[in-house]
Amino acid sequence: TYELDIYWDHQIPLPKLAPVQAKVTVALLALLCFINSYDGEFVFDDSEAIVNNKDLKPTTPLNNIWSNDFWGSNLSSNSSHKSYRPLTVLTFRLNYLLAGGLHPVGFHVLNIILHAVISALMIDVFAILIGGLAYDEKGGMLNHAPKTSLLAALFFAAHPVHTESVAGIVGRADLLCALFFQLSFLTYCKAFNRGRFSIQWVVVSLLLCTAAMLCKEQGITVLVQSLFFFFFEILRTGLLTRLALMGLGGLSMLYARWRIMGTGPPAFTEVDNPASFAENIFLRIVNYNYYYSLNAWLLLCPWWLCFDWSMGCVPLIKSATDWRMVWLLLLWCILIGLISQALCSQDSQRRRTLTLGLVLLVVPFLPACNLFFRVGFVIAERVLYLSSAGYCLLLAYSLGHCCFCWSRFRKLLCVSVLALLCVYVARCALRSHQWRSEQSLFTSALPVCPLNAKVHYNVGKNLADRGNTTAAIGYYREAVRLHPTYVHAMNNLGNILKERNELIEAEQLLSKAVSIQPDFAAAWMNLGIVQNSLQKFDEAEQSYWNAIRFRKKYPDCYYNLGRLYADQNRHVDALNAWRNATVLKPDHSLAWNNMVILLDNTGNLGQAELIGREALKLLPNDHTIMFSLANVLGKLQKYKESEGFFLHALRINPNAASCHGNLAVLYHRWGKLELAKKHYELSLKLDPEAPGTRDNYNMLRRKLDQLKRHTP
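Rules of the game
Residues numbered from 1 in each chain as written. Predicted model: local features only at pLDDT ≥ 70, side-chain atom pairs only at ≥ 80, totals over all residues. Heavy atoms only, no water. 1 Å grid on protein atoms, 1.4 Å probe; cavity = no way out; pocket = protein on both sides within 12 Å on 5 of 7 lines; lining within 4 Å. Points joined across faces, edges and corners; volume = space filled by probe spheres on them. Helix = DSSP H or I, 4+ residues; strand = E, 2+ residues; numbered from the N terminus. Nonpolar A, V, L, I, M, F, W, Y, C, P; charged D, E, K, R; others polar. Phe/Tyr/Trp six-rings, centres within 6.5 Å; stacked < 30°, edge-to-face > 60°. Buried < 20%, exposed > 50% of the residue type's maximum accessible area, 1.4 Å probe, protein only. Lys NZ or Arg CZ within 6 Å of the ring centre and 35° of its normal. Disulfide = S-S within 2.5 Å. UniProt positions renumbered as here; feature names shortened; annotations may be inferred. Expected span 1.5 Å × (residues − 1). Contact = heavy atoms within 4.5 Å. Polar contact = N/O pair within 3.5 Å; in protein donor to acceptor, adjacent residues only side chain to side chain.

(A) Structural detail: the layout of surface pockets. Approximately 1,400 Å³ is the volume found for the second largest pocket. If you list the elements that add at least two residues to the lining of the second largest pocket, you get α11 (281–300), α12 (325–344), α13 (348–362) and α14 (384–405). The element contributing the most residues to the lining of the second largest pocket is α11, with twelve residues. Among the residues making up the lining of the second largest pocket, the classes are represented as 37 nonpolar, nine polar and two charged.

(B) Structural view of the packing of aromatic side chains. Evaluated as defined, the whole model comprises 19 aromatic pairs. Both rings, one in Phe92 and one in Phe107, keep their centres 6.3 Å apart while their planes meet at 45°; by these two values the pair is tilted. Pair noted here: Phe92 is in helix α3 (residues 86–99) and Phe107 is in helix α4 (residues 104–131), with a separation of 15 residues, a long-range link. Overall, Phe92 belongs to the buried group, its relative accessible area being 0%. Grouping aromatic residues by their ring pairs yields a cluster made of Phe42, Phe70, Trp71, Phe92 and Phe107. Directly above the ring of Trp303 sits Arg427, whose terminal nitrogen or CZ lies 4.7 Å from the centroid.

(C) Broad picture of the state of the cysteines. Within the structure shown, the criterion is met by one disulfide. Take Cys403: it sits in no disulfide, and the sulfur closest to it among the cysteines is that of Cys402, at 7.0 Å. For Cys403, a relative accessible area of 2% gives the class buried. Here Cys422 is not disulfide-linked; the sulfur of Cys33 is the nearest cysteine sulfur, at 10 Å. Residue classification places Cys422 among the partly exposed residues on the basis of a relative accessible area of 47%.

(D) Here's a closer look at empty space enclosed by the protein. All chains considered together, the criterion is met by one cavity of 30 Å³ or more. By volume, the largest cavity amounts to about 60 Å³. Around the largest cavity, the lining comprises 13 residues; the ones closest to its centre are Tyr291, Asn295, Phe365, Ala368 and Val378. Its residues assigned to classes, the lining of the largest cavity shows eleven nonpolar, two polar and no charged.

(E) Spotlight on the UniProt feature "transmembrane region" (unreviewed entry) in the protein. Residues annotated in UniProt with the feature "transmembrane region" (unreviewed entry) correspond here to residues 112–135, 201–232, 238–256, 288–305, 325–344, 356–377, 383–400 and 412–430. Helix and strand shares over residues 112–135 are 83% and 0% respectively, and the end C-alpha atoms of the span are 32 Å apart. For residues 288–305, helix accounts for 72% and strand for 0%, while the C-alpha atoms at its two ends are 19 Å apart.

(F) Geometry of helix α25 (residues 589–601). Along its 13 residues, α25 runs 18 Å from first to last C-alpha, staying within 8% of the 18 Å computed at 1.5 Å per residue. Buried residues dominate α25, accounting for ten of its 13 residues. Within the sequence span of α25, burial applies to Ser589, Ala591, Trp592, Asn593, Asn594, Met595, Val596, Leu598, Leu599 and Asp600. Turning to α25, the residues buried within the fold contact α23 (555–567), α24 (571–584), α26 (605–618) and α27 (623–635). Positive backbone phi, approximately 85°, marks Gly603, located one or two places after α25.

(G) A look at the environment of Lys552. Mapped onto the secondary structure, Lys552 falls in the loop between α22 (537–550) and α23. Given the relative accessible area of 60%, Lys552 is considered exposed. What Lys552 contacts, discounting residues up to four positions off in sequence, is Tyr558 and Leu584. A distance of 2.8 Å separates a polar side-chain atom of Lys552 from the backbone oxygen of Arg549.

Shown next as structure tokens:
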């Protein structure tokens, strides 16, 4: 235990708050910055990680989260991203369980609370990094840099680069990783309480480090942070034991992670990370360093924020004469200057603060820097969550040093700090609001990354999902123009053109998509639908089989193949295709219904009845199958049963004109003429142009008139 002279701390223009007051202040600021995201939707990556992730559902065995990746895919699958974060997925599952389903409010609220807790705990982390370990007589930890640690924590709480991690639910991984990172570091420090070394606390620290790693991969970097910290401590108690435990623990975690990943890194494409596919090693290094400079700029000036930085958003540097080389040189000049001060300064306190600040800035970023393995992104704001703590520490130190050296400008510096925090809060509020919906999130990216094909694609997809296909076409076309091999944009554009009956262009786009990516099953299926509409039956059949070849379990493709066979009067083939669809997807309503209708139309009423009843066991509230089965039962003269299914279908969908019309036909045959008249009139009221209903109604009226005339 010893004390350091933090000579600049008392000059910082902040009040000296009690520890609890300081933590509450920081937590409240964190809440203020991101509270308006609490009622946001599931956006962007939330769809895959949460909405479509079966591991969240109570019906899925809990053990699955230990064998699947963050997105719900099996780790052994070739398509897996190998992101192993079971503890994060477990919290998603608990959110799902507590909310009784996919209600985003609970997910968002927990993220905001986590950020507030992490921000408050940063005071303790910063205090130890700056002022070292010191204890009072009762064994409580002392803070020798209360103002500097508070200022750094305030900057951290309000930094706008955190918006993706807090307002985006998948950012939970970064939040939990940071929380366990802090707890592991603070627990490690407890191992040296008042000069005594405790192996138990080191073991607890390693367990918390493991938890951090099971939330997100970069959690293991806390070991490096801890080791660097204790190089500056005068305590050498248990040095060899400590190093052995940390080294053994770290190697064990890395080995376990390597085995879980399948002893190989995930496979990413050039679209995900173009610099890693550059022609030579020089261009790769240059572009990687350019990415580092852009990450540094996001910390310095977090105004241009974007949900995705891939697909042309950051064009590659392909020549040493590119003007952007200036940013690389500037970044390394600043880093070399800081490193030289950290190593060579005569001021020991400056050496300590700069070194530990740089370690906290750089080390958590290492897993995302392409140095050890290829990553699947160009820039990702969420990976800066932990690294930003190092930046905030360096910023607070710089301001404190300025206040010490230029004390006559103390008021100006005070105003500058306040202004910076206000700008941060305003930017966080604006950016959090943009993250509340996909529409605002995607459109906010257009001025930031106008060359990003994925931005245009997502804007177009969002418009199409909301029914504005005309506007969506323009964005899809722009996405294809910016990235001519963007097969997903071609597929979606082809689908819209298919619905607008612009079949020739749709066929051209989809054909190009499958020529670029021959295993694109969805594009093959959509191409088959278009070719079927163009009456190119042989080509359509081949396209469907190509889709099934590349995606073995593809019920929708079997359904469309069945429609093709039905159009060609290949009834047995159609029934087999639809049966395959229902085997793969037992709740495939359209396939079941088409089987009943086809069997009905071909006179196989007994088989149609069996299929209809089988379908209703699986889909007891499907009114379309009830309607089709009721028609079959009516033809079999099972009038009472038929009536029951018609009435049940109408209770579910009371405005179905065809159901009223066919029920009227049933009553007409059954001899219940007044009921027939009632339902004919209801059908015509709902749909005056219903085919055949007007003629049947007129026929019934004539019959009723005849009965009245013959009634004495």
